[in-house]
Amino acid sequence: MEAYRRLEEMIILGELRPGTRLSEQTLAQALALGRTPIREALQRLRENNLVDILPRSGVFVTDVDFRDQFLLMEVRRPLECQVAVRAARLASNEDRARFMEMAQRMRAVVDAGDKVGLMNVDRSFKDLSLRVARNKFLTAALAPIQANSRRVYFMHLEATNIPIGHAHADAIEAIGRGDVDRSLEAATKFLDEMESFLRRRLANSLVFS
């Protein structure tokens, strides 16, 4: 859905900041899209906790609370590990080639400091791995988790370090190689790096609050 992807990207990149009141008409004009796809996108953003829709008040971009991210990580970790295992086991040869290409692209954009490129590779990887994993319940459960995780990560990308990006690339490559055990190990390492990042960011926010 183009409208959703574009609005999610605007929220992630800070073009629509927390607390911003959103207007269907203004967004439709800015994105050159109809109000119906904008309305549908806002409903999906609400489901993914990126906006609040308040009766008689309007639509607002939600705030980010780092402490909530640790609750989210408790749910994210086992689900994403399961996706990694299933994708490594079920991917076709064509899928595996795409994963290997994505791993290379991930390393390239990380080393180049390409924030938008990194976001696009991350989204493509998530979409492909969920499709290959072939479990609609995993897909439904991870949609809001990944949307919120992506937002926090890319909002604070300047504070992340290269090992996180390379750990992500390693996890993608393991799936591409069809190595189930390595896929689980690499996914766990990437999630460990993400949790360490969250702890650093929470510590910094408490110091400067």
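Scroll up to find the structure.
Residues numbered from 1 in each chain as written. Predicted model: local features only at pLDDT ≥ 70, side-chain atom pairs only at ≥ 80, totals over all residues. Heavy atoms only, no water.

A few points about the environment of Ala-140
One can find Ala-140 in helix α7 (residues 136–155). Taking relative accessible area as the criterion, Ala-140 reaches 55% and is therefore assigned exposed. With ten residues separating them in the primary sequence, Ala-140 and Leu-130 have C-alpha atoms 9.8 Å apart. (Helix = DSSP H or I, 4+ residues; strand = E, 2+ residues; numbered from the N terminus. Buried < 20%, exposed > 50% of the residue type's maximum accessible area, 1.4 Å probe, protein only.)

Quick look at the packing of helix α2 (residues 24–31) against helix α3 (residues 35–47)
The N-to-C vectors of α2 and α3 enclose an angle of 115°; their axes lie 9 Å apart at closest approach. Taken together, the axes of α2 and α3 are roughly perpendicular relative to one another. Once α2 is placed against α3, the crossing between them reads as right-handed. Residue-level contacts link Glu-24, Gln-25, Leu-27, Ala-28 and Leu-31 of α2 to Arg-35, Ile-38, Arg-39 and Leu-42 of α3. When the residues that make up the contact of α2 with α3 are grouped by side-chain class, the tally is five nonpolar, one polar and three charged. (Axes fitted to C-alpha atoms, helices over the stretch in contact; angles between N-to-C directions. Parallel < 35°, antiparallel > 145°, perpendicular 65-115°, else oblique. Left-handed = near helix turned anticlockwise from the far one by under 90°. Contact = heavy atoms within 4.5 Å. Nonpolar A, V, L, I, M, F, W, Y, C, P; charged D, E, K, R; others polar.)

A short note on the sheet that holds strand β2 (residues 51–54)
If you walk across this open sheet you meet the three strands as β1-β3-β2, and the pairing is antiparallel. Every interior strand has two partners, whereas the edge strands, β1 (21–22) and β2, have only one. Judged from the four bridges that link them, β2 and strand β3 (residues 58–61) form a sheet pairing that is antiparallel. The residue bridging Ile-53 from the neighbouring strand is Val-59, located in β3. Lying over the sheet, α3 contacts β1, β2 and β3, oriented at roughly 110° with respect to β2. (Pairing = 2+ DSSP bridges.)

Concerning the pairing of β3
Bridge count for β1 against β3 is two bridges, and the pairing is antiparallel. The residue of β3 that forms the bridge with Arg-21 is Phe-60. Taking the residues between adjacent antiparallel strands as the criterion, β2 and β3 are bridged by three residues, where Arg-56 takes a positive phi near 65°.

A look at the environment of Glu-173
Tracing the chain through its elements places Glu-173 in helix α8 (residues 162–176). Each C-alpha atom, one on Glu-173 and one on Ala-88, is 9.7 Å from the other, the two residues being 85 residues apart in sequence. The residues touching Glu-173, leaving out its near neighbours within four places in the chain, are Met-100, Ala-103 and Arg-107.

What to know about the packing of aromatic side chains
Counted according to the given criterion, the structure contains two aromatic pairs. Seen in terms of ring centroids, Phe-99 and Phe-125 are 6.0 Å apart; in terms of plane orientation they differ by 70°. Their pairing is edge-to-face. Of this pair, Phe-99 sits in helix α5 (residues 93–112) while Phe-125 sits in helix α6 (residues 115–133), and the two are 26 residues apart along the sequence. With relative accessibility at 9%, the residue Phe-125 sits in the buried group. Seen from their ring centres, Tyr-153 and Phe-197 are 5.9 Å apart, and the 90° between their planes marks the pair as edge-to-face. (Phe/Tyr/Trp six-rings, centres within 6.5 Å; stacked < 30°, edge-to-face > 60°.)

Notes on α8
For α8, which comprises 15 residues, the first-to-last C-alpha distance of 21 Å matches the rise-based estimate of 21 Å (1.5 Å per residue) to within 8%. In terms of burial, α8 is largely enclosed, as eleven of its 15 residues are buried. Buried within α8 we find Ile-164, Gly-165, Ala-167, His-168, Ala-169, Ala-171, Ile-172, Glu-173, Ala-174, Ile-175 and Gly-176. Count one or two residues on from α8 and you reach Gly-178, which has phi positive near 70°. (Expected span 1.5 Å × (residues − 1).)

Take it as geometry only, folks, not as evidence of what the structure does.
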